[in-house]
Every structure is written in C-alpha cells, then in structure tokens.
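Inside the fold
Okay, here's what each chain looks like letter by letter:
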Amino acid sequence: IEAIRPLKNGVIADFDVTEKMLRYFIQKVHKRRHLAKPRIVVCVPSGITGVEQRAVKDAGYAAGARKVYIIEEPMAAAIGVGLAVGEPNGSMIVDIGGGTTEVAVTSLGGIVTARSIRIAGDEMDENIVAYARRQYNLLLGERTAEDIKMAVGSAHSGEWDSQRITFRGRDLLTGLPRAVEVAAPQVREAIEPSIVEIINAVRDTIEETPPELVADIMDQGIVLAGGGALLLGMDVRLAAETKMPVRIADDPLTCVVRGTGIILEEVEALEKMLVPETYQRPLR
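Residues numbered from 1 in each chain as written. Predicted model: local features only at pLDDT ≥ 70, side-chain atom pairs only at ≥ 80, totals over all residues. Heavy atoms only, no water.

Counting through the fold element by element, Ser 46 comes out in the loop between β3 (39–44) and α2 (50–62). Excluding residues within four positions of it along the chain, Ser 46 makes contact with Glu 72, Pro 74, Glu 102, Ala 114, Arg 115 and Ser 116. (Helix = DSSP H or I, 4+ residues; strand = E, 2+ residues; numbered from the N terminus. Contact = heavy atoms within 4.5 Å.)

Below is the structure:
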C-alpha cells in the first residue's frame, strides 16, 4: 500500500489520482445515479497560474461534472466566516491552510488585494523535521511532526511554554529508535521561519490596500481562518506585529468548505465572486 497526495501546495500534483478521487466523491453522493452530472465548485489559491487553473477544470470535467466553477480560497473563507463581502467596507481574511497561506482584503464582492504564499501547515511540519535532524540527529515522520505542532506548536510565548513533548524517531547515527524530550519554546523556534513569512505576507497585503479600506480593517479587525489559526498564540503574534485587532473565526477548519457550500447553493446570484470563465471545456 502506498499513500499518495494528489494535491500539494494547494494545486494538483497527480492529475490521474485527482480525477479518480473526484469521481469517487461524486459516486458516493449519487449512489444510484450512474448518469449524474453535478455542478462542482472548486476552491483554488489566489496565486494559481492559468495552467494550474486549467488542470483543475480538466480534472472536474473528466470526473463527470456538468459544470466546473472556480472560486479563490480567501473569498470562500470570507463567505464561510460570515464577513460582509458584498458591502463597500473592507474586510481582511488570513487563511492559513495546509499547502498555502491566503491573505486577502475583500470589498464589494471582490478581492481588492491578495497574497498567496506556499508556506503554511505543511511547511511548519517540514521545519520541525529539519530542526530534529539538525539539533538531535533524529529523523521524524511527517505525521509525527504534525502531531508535535498541534500539541505544543506556538507563534508567541504564553502559559503553554512550560509544556514539554517527546520527539520519537530514528537515530541517524545508529539507525535505531530514539526519543528526545523537547520544550515548547524549542518547537516555536523550529517553526519561526514559516511564521515570519506569513506575517510578512500580511504586512505586504496591508501596504497595498487603499487607506480607506485599512481604516475599515482597523475597526473590524483581521480574521484568522484555516488550521493554522489554531496555532497557539498566532492571533496574539499577528496583532502585535500589525498593530491591529485579530480574531479567530468560529470553527476555522471548515470556513472554506462552508463558504463553498454557500456559493454552490446560490451560484447564479453570487456569480461575480467566482473566477471569470476564460476556459472552454475540452471536447471528448
């Protein structure tokens, strides 16, 4: 058995497996309808290229979709959070997912300015693996690194600094299993490069935002979504670095999914929020 990741850094890494995965999902929903041709809304990073966008649509149509719509992840997250994206006021969303971090300012049903960086949860896991290798000659698995990040990973000092966790992996010198006890501040040191990149992306986005919308954001605050929003002290660190109020969305893990569901239910009414149709379905 081999574990495969069909999506990497927010885009398709294996086209054939992605097509089969989508086809499986469609068949799971339409169990008795072999001729089902559903409409599909797919979320993509805001920094996606035209080629990557075409691959997403091709995979959707190949899996049996009648129509494939594309929406940018920060817009879906903002809708899922409940921000008033259709109003003239500015709202700022920071969606820290697995493959990408999406930072966007929305107003009047569109994205005014956005940043998409391929540094997020997965990169933090790799930071922890590299730290264990560098400091302790210890090789950790990706899943172990993710568990460590979720347990004691943090972006700012706090009461959690007294926690300790055990790194369990293979000793690179002897090849035998070994365990090392590590303090929470050391895990924060390991993932610090990724945290700094995310903060810089937020700062760059604020710098490019029109002043009147910045004033709105200062009133309403920045909203954190995605799994990275659950990183201990991430909201405190971002507030300290940007001098703006920061709040974590309710159930941040599902914001993008909920926003996509709302779009799918009212796709005609919310069509202006979708990525413009510049693509012709391939003839088959």
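In this section: the packing of helix α1 (residues 15–29) against α2. Running from N to C, α1 and α2 point in directions that differ by 45°, and their axes come no closer than 8 Å. Judged by the inter-axis angle, α1 sits oblique to α2. Read as a crossing pair, α1 and α2 show a hand that is right-handed. Between α1 and α2, the residues in contact are Phe 15, Thr 18, Glu 19, Leu 22 and Arg 23 and Ala 55, Asp 58, Ala 59, Gly 60 and Ala 62, respectively. Across the contact of α1 with α2, the residue classes break down as five nonpolar, two polar and three charged. (Axes fitted to C-alpha atoms, helices over the stretch in contact; angles between N-to-C directions. Parallel < 35°, antiparallel > 145°, perpendicular 65-115°, else oblique. Left-handed = near helix turned anticlockwise from the far one by under 90°. Nonpolar A, V, L, I, M, F, W, Y, C, P; charged D, E, K, R; others polar.)

One open sheet accounts for five strands, arranged β7-β6-β5-β11-β12; its pairing is mixed. Lying at the two open borders of the sheet, with one neighbouring strand each, are β7 (110–117) and β12 (246–248). Across the sheet, the mean angle from the axis of one strand to that of its neighbour is 20°, orientation sign disregarded. Across seven bridges, the pairing between strand β6 (residues 101–107) and β7 is antiparallel. Paired with Thr 106 across the strands is Ile 111, a residue of β7. (Pairing = 2+ DSSP bridges.)

Here we come to the state of the cysteines. Scanning the model with the defined rule gives zero disulfides in all. The cysteine Cys 43 is free of any disulfide, with Cys 255 supplying the nearest cysteine sulfur at 11 Å. Classification of Cys 255 as buried rests on a relative accessible area of 0%. (Disulfide = S-S within 2.5 Å. Buried < 20%, exposed > 50% of the residue type's maximum accessible area, 1.4 Å probe, protein only.)

It is worth spelling out the pattern of salt bridges at this point. Counted according to the given criterion, the structure contains 15 salt bridges. Across the salt bridge formed by Arg 115 and Glu 208, the nearest N and O atoms sit 3.0 Å from each other. With Arg 115 in strand β7 and Glu 208 in helix α6 (residues 184–208), the pair connects residues that are 93 residues apart, well separated along the chain. The class of Arg 115 is partly exposed, set by a relative accessible area of 26%. Glu 208 sits in the partly exposed class, given a relative accessible area of 44%. A salt bridge links Glu 192 to Arg 237, with the shortest nitrogen-to-oxygen separation between them at 2.7 Å. Placement of Glu 192 in helix α6 and of Arg 237 in helix α8 (residues 234–242) is noted, with a sequence separation of 45 residues between them. Here the salt bridges do not stand alone but share partners, grouping Glu 192, Arg 203, Arg 237 and Glu 241 into one network. (Salt bridge = Lys/Arg side-chain N within 4 Å of Asp/Glu carboxyl O.)

Moving on to helix α9 (residues 255–265). Taken together, the buried positions of α9 are occupied by Cys 255, Val 256, Gly 259, Thr 260 and Ile 263. Projected down its long axis, α9 carries its buried residues within an arc of 130°, all on one side. Opposite the buried face of α9, by more than 90 degrees, sit the exposed residues Val 257 and Glu 265. The secondary structure elements touched by the buried residues of α9 are β3, β4 (67–72), α3 (73–81), β5 (91–96) and β11 (222–225). (Arc of directions from axis to C-beta.)

Our next topic: the sheet that holds strand β8 (residues 138–139). Spatial ordering of the open sheet is given by β8-β9-β10, a layout of three strands whose pairing is antiparallel. In this open sheet, the two strands that pair with only one neighbour each are β8 and β10 (177–183). Bridging between strand β9 (residues 164–171) and β10 involves seven bridges; their strand directions are antiparallel. Of the residues in β10, the one forming a bridge with Arg 164 is Ala 183.

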